[in-house]
Amino acid sequence: TAPSVTQQQTQSPRQYSSTQLQMAGPAQVDLTGKVAFIAGVADSSGYGWAIARSLASAGATIIVGTWPPVLKIFQNGLKRGSFDDDSALPDGGKMVIEKVYPLDAVFDTTDDVPDEIKNNKRYAGLDGYTIEEVAKAVEADYGKIDILVHSLANGPEVTKPLLETSRKGYLAASSASAYSAVSLLQKFGPIMNEGGNMLSLTYIASEAVIPGYGGGMSSAKAQLESDTRVLAFEAGRKWKLRVNTISAGPLKSRAASAIGKEPGQKTFIEYAIDYSNANAPLAQDLYNDDVGNSAMFLCSPLARTVTGVTLYVDNGLHAMGMALDSESMSDRNA
């Protein structure tokens, strides 16, 4: 059960109000009655799934948005029980995804969808997958929601160095990975309860050079972090919502594993994981639940005054300015 919280408003002689919080018992998170929409869930290997499961463990109702071309595969997997093991909750229960909506977050309204997409067999039989349409469908089904999670990104030229990235590829990365978060909040903000939180996922490539993470994706993540701060101000004043992002360390998810691999070499994400284990202050594996639990905190009342934040969940790798496993450090490490 959630701790009892007594709030006492007191007026000082200078007419400034203060809030005193008295916590009875351990600080536990209870999200019973809260509705969370997670955009970008299509399997159980990524951070989006882990965030959903952590929120579910605290009692939240979980609904998700899934990219139309993989929607049927995901829905069939849910029906077959393919994700049952990954749905287990600490109390012995199982996460239930109440509803799955088709969502293509590069389209804001129906007018944005080109004929080539409408006629694409991967979208056959589907409609209502633009951000505006999904927001209206969620409102019709649930009224207001409390938590909005942006867990999606795509860079069609991610394997290309920035110097070789086309304008089209660069803008596509920005559209799918950064502006989609802006659009989600535009459309979902009006149907979110006061005190709600929007959360996105970013990566250290936004502020440091990560060779192999190209195609404009580093720029898109920098945009996402900047937008987080601006949206925290605007959405905070307009709707009393909080906006935060988590800079997550490398995880071997399905999406990350798809980033370039040369014959006979490790994938980009495998290199990134090995580098982190060798150089991070905490030399330990990073699990998707680590990000899920941090997300649960940010989306809970415990973080009621936290907004505009980039929270690093990466074993401290962001703090390092020198690679311990560098050849130039070999004598020191011997």
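Here the structure is shown first, and the text comes after it.
Novice: How would you summarise unusual backbone geometry if you had to cite specific residues and measurements?
Specialist: Only a minority of non-glycine residues have a phi that is not negative, and only a minority of peptide bonds are not trans. Here Lys240, not a glycine, exhibits a phi torsion of approximately 60°, which is positive. Looking at the element boundaries, Lys240 is found in the loop between helix H6 (217-239) and strand E8 (242-248). Despite not being glycine, Asn315 shows a phi value in the positive range, around 60°. With respect to the helices and strands, the residue Asn315 is situated in the loop between strand E9 (310-313) and helix H10 (330-333).

Novice: Tell me about the nonpolar core, and name the residues and values.
Specialist: Core analysis: the largest hydrophobic core is formed by 35 residues, its most contacted members being Leu55, Ile62 and Ile246. Examining the composition of this core, we find that six residues originate from one element, helix H1 (residues 47-57), more than from any other. Non-local contacts of Ile62, meaning those with residues more than four positions away in its chain, are made with Ala36, Ile38, Ala52, Leu55, Ala56, Val96, Ile97, Glu98 and Lys99. If you look at the next biggest cluster of nonpolar residues, it comprises 28 residues, including Val35, Ile63, Val134 and Ala181.

Novice: Describe the packing of aromatic side chains, listing the residues and the values that go with them.
Specialist: A complete count under the given rule lists seven aromatic pairs for this structure. A ring pair is formed by Phe37 and Tyr101, whose centres lie 6.2 Å apart and whose planes are at 65°; its orientation type is edge-to-face. Placement of Phe37 in strand E3 (residues 35-39) and of Tyr101 in strand E5 (residues 97-102) is noted, with a sequence separation of 64 residues between them. Each member of the pair Phe37 and Tyr101 is classed as buried. When the centroid spacing of 6.0 Å and the interplanar angle of 25° are considered together, the rings of Tyr213 and Phe268 count as stacked. Of the two residues, Tyr213 is situated in the loop between strand E7 (192-202) and H6 and Phe268 in helix H8 (residues 268-279); the sequence distance between them amounts to 55 residues. Neither Tyr213 nor Phe268 differs from the other in exposure class; each is buried. Each residue in the set Phe37, Tyr101 and Phe188 is aromatic and connected to the rest through ring pairs, giving one cluster.

What counts, and at which threshold
Numbers given for residues are sequential positions, taken from 1 along each chain in its written order. Local features are withheld for residues below a pLDDT of 70 in this predicted model, meaning they are given only at 70 or higher, and side-chain atom pairs are given and counted only at 80 or more; totals for whole chains, interfaces and linings count all residues. For side-chain calculations, the full set of non-hydrogen atoms in the structure is used, while hydrogens and water are omitted. Working definition: helices are DSSP H or I runs of at least four residues, strands are E runs of at least two. Numbering for both runs from the N terminus. Within this scheme, the nonpolar core is defined by two criteria: the residues are buried Ala, Val, Leu, Ile, Met, Phe, Trp, Tyr or Cys, and they are joined through side-chain atoms within 4.5 Å. With a 1.4 Å probe rolled over the protein chains alone, any residue whose accessible area is under 20% of its type maximum counts as buried; one over 50% counts as exposed, and the rest are partly exposed. Any two residues whose heavy atoms approach within 4.5 Å at even a single point are treated as in contact. Pairing of aromatic side chains here covers Phe, Tyr and the six-membered ring of Trp, requires ring centres within 6.5 Å, and sorts the geometry by plane angle: under 30 degrees stacked, over 60 edge-to-face, intermediate tilted.

Distances and angles like these do not, on their own, reveal function.
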